Structure formats: C-alpha cells, structure tokens
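Listed below are the residues making up each chain.
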Amino acid sequence: MIASTARNYWDPLWANGRRYRQLAPTETTLLAEHLGPGDGRPALDIGSGDGALARHLQHQLGYRTTGIDCAPSAVALAAAQDTDTSNGPTWRCADITTDGLDVLPDTAYAAITCRLVYRWMDDKHLFLNRVRQLLTPGGCFWVVTEIEGRREATDSLKGLGITDAEAETLTAGWSIVRTADLDVLRCYALRP
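Residues numbered from 1 in each chain as written. Predicted model: local features only at pLDDT ≥ 70, side-chain atom pairs only at ≥ 80, totals over all residues. Heavy atoms only, no water.

This part is about the pattern of salt bridges. As enumerated under the stated definition, the model contains 4 salt bridges in all. Close ionic contact of Arg64 with Asp106 constitutes a salt bridge, the shortest N to O distance being 2.9 Å. Placement of Arg64 in strand E2 (residues 64-69) and of Asp106 in the loop between strand E3 (90-93) and strand E4 (109-115) is noted, with a sequence separation of 42 residues between them. (Salt bridge = Lys/Arg side-chain N within 4 Å of Asp/Glu carboxyl O. Helix = DSSP H or I, 4+ residues; strand = E, 2+ residues; numbered from the N terminus.)

Here you go:
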C-alpha cells in the first residue's frame with residue numbers, strides 16, 4: 001500500500017473503534033526473552049496502533065521507544081492512552097515505506113518491532129531494507145505475523161496469513177533467525 005492508500009484504509013478503522021489482537025502474556029514473555037532489557041536503548045515499533053506494544057517496550061522492558069503508525073487516529077489513540085506522558089513513548093504519524101527516515105527521532109534502533117503489520121507491506125523487500133538500515137549491529141527485529149493455513153476454511157479471517165514465500169523473504173539474509181508459534185501467529189526474532 002502506498003502511504004495515502006494505507007492511511008485512507010487504516011485511519012477510519014481506528015477512528016471508528018476497530019481494535020486488534022491484544023498482547024498476550026505468552027507473547028510478552030517471548031518478547032522479553034528475545035529482546036532482553038532495554039537499558040534506555042532506542043526501540044522502534046512499526047505500525048504501533050493503539051500503542052500497547054510500544055508502551056510495553058518502554059515501561060516493562062526499559063527501552064526508549066518510538067511508536068509509528070500511518071493512521072493519525074491510531075497515533076492519537078496511542079498518545080491518549082499513555083498515562084505516563086513524562087516518561088512514555090514518542091509517537092509519530094509516519095509510513096516506514098514512504099516517509100523519509102528523518103521523521104524518526106533516532107538514526108538507529110537496538111530493537112525494531114512489527115506486530116501484525118508485515119502481511120500488509122506491499123513491497124516487503126523495500127520494507128525489510130528500511131528495517132536493516134535502522135537496526136543497530138546486534139539489534140533484534142521482532143515480527144509477529146499470522147501464518148497462512150492455520151485457520152479453519154470457514155473462518156472469515158483465513159486470508160490474513162503470510163505465505164511460505166513471504167516467510168522466506170522475511171527470514172532471508174539474517175544471521176540469526178529464531179521462531180516461536182502462538183496458535184495462528186508466528187513470532188520471529190531476526191538478527192543481522
């Protein structure tokens with residue numbers, strides 16, 4: 001999706017109260033195991049939505065987090081839900097695939113997260129190149145995405161999973177690839 005198309009698609013959904021799968025304890029445990037303590041290092045949450053993951057990175061894991069989303073209504077929702085504004089994440093309305101990287105407050109990130117977003121990237125190679133540009137040496141790219149074929153044939157959401165080819169594109173070129181399955185989702189911890 002190009003920036004204006006993505007924004008036009010997602011913004012009304014967030015503005016009209018649409019909400020998506022919440023973080024589960026199993027997922028946050030895996031996240032902590034693979035990312036480790038933040039110790040004030042910068043983290044970037046791509047497609048931050050309501051901000052739950054960005055707040056978790058900031059407040060529970062200790063990263064200095066920036067959450068970005070292409071939908072202004074999602075960014076506004078995330079900022080409104082941030083109860084610790086003096087020590088909360090930074091919020092930006094931005095599209096990682098089309099906006100310049102200068103919209104971000106840091107030039108490199110120790111952790112980059114992408115939860116339930118990778119599937120929606122039209123140009124996955126461009127997206128992954130952008131992530132690699134921003135990830136520090138030794139950093140971790142954390143991706144949570146649905147996998148094709150894990151839902152029942154009658155499930156209206158069965159088309160949300162990534163294909164084997166899209167998973168291969170995601171994991172190619174990383175020196176370390178770790179995965180963990182959570183029902184219809186797969187978590188990827190990718191390192192340069």
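From this point, the discussion proceeds with the structure in view.
On to the nonpolar core, then. Leu44, Ile112, Phe127 and Phe141 are the most contacted members of the largest nonpolar core, which has 26 residues in total. Listed by contribution, the elements that provide at least two residues to this core are strand E1 (42-46), E4, helix H5 (124-134), strand E5 (135-146), helix H6 (164-171) and strand E7 (185-191). Ranked by residue count, the leading element in this core is H5, at 4 residues. Not counting the four nearest positions on each side in its chain, Leu44 is found in contact with Thr66, Ile68, Ile96, Leu104, Tyr109, Ala111, Ile112, Thr113 and Leu134. Counting residues in each nonpolar core, the second largest holds 19 residues, with Leu31, Val144, Val184 and Cys187 among its members. (Core = buried A, V, L, I, M, F, W, Y, C linked by side-chain atoms within 4.5 Å. Buried < 20%, exposed > 50% of the residue type's maximum accessible area, 1.4 Å probe, protein only. Contact = heavy atoms within 4.5 Å.)

To continue, consider the packing of helix H2 (residues 25-35) against helix H3 (residues 52-60). Two elements in contact, H2 and H3, have axes whose closest approach is 12 Å; the angle formed by their N-to-C orientations is 50°. When the axis of H2 is compared with that of H3, the two are oblique. Crossing of H2 over H3 shows right-handed handedness. Counting all contacts with H2, which are made through Thr28, Leu31 and Leu35, the residues of H3 involved are Leu53, His56 and Leu57. (Axes fitted to C-alpha atoms, helices over the stretch in contact; angles between N-to-C directions. Parallel < 35°, antiparallel > 145°, perpendicular 65-115°, else oblique. Left-handed = near helix turned anticlockwise from the far one by under 90°.)

With that settled, the discussion passes to the pairing of strand E6 (residues 176-182). Relative to E7, E6 is paired through 7 bridges, and the arrangement is antiparallel. Counterpart to Val177 in the pairing with E7 is Leu190. (Pairing = 2+ DSSP bridges.)

As for its placement among the helices and strands, Trp142 is situated in strand E5. By relative accessible area, Trp142 is classed as buried at 2%. Apart from the residues within four sequence positions on either side, Trp142 is in contact with Glu27, Leu30, Leu31, His34, Leu35, Ile112, Thr113, Cys114, Cys187, Tyr188 and Ala189.

Two elements in contact, H5 and H6, have axes separated by 10 Å at closest approach and are oriented at 25°. Comparing the axis directions of H5 and H6 gives the class roughly parallel. In this structure, the crossing between H5 and H6 has a hand that is right-handed. From H5, Lys124, His125 and Leu128 reach across to H6, where they touch Glu166, Thr169 and Leu170. Looking at side-chain class alone, the contact of H5 with H6 contains 2 nonpolar, 2 polar and 2 charged residues. (Nonpolar A, V, L, I, M, F, W, Y, C, P; charged D, E, K, R; others polar.)

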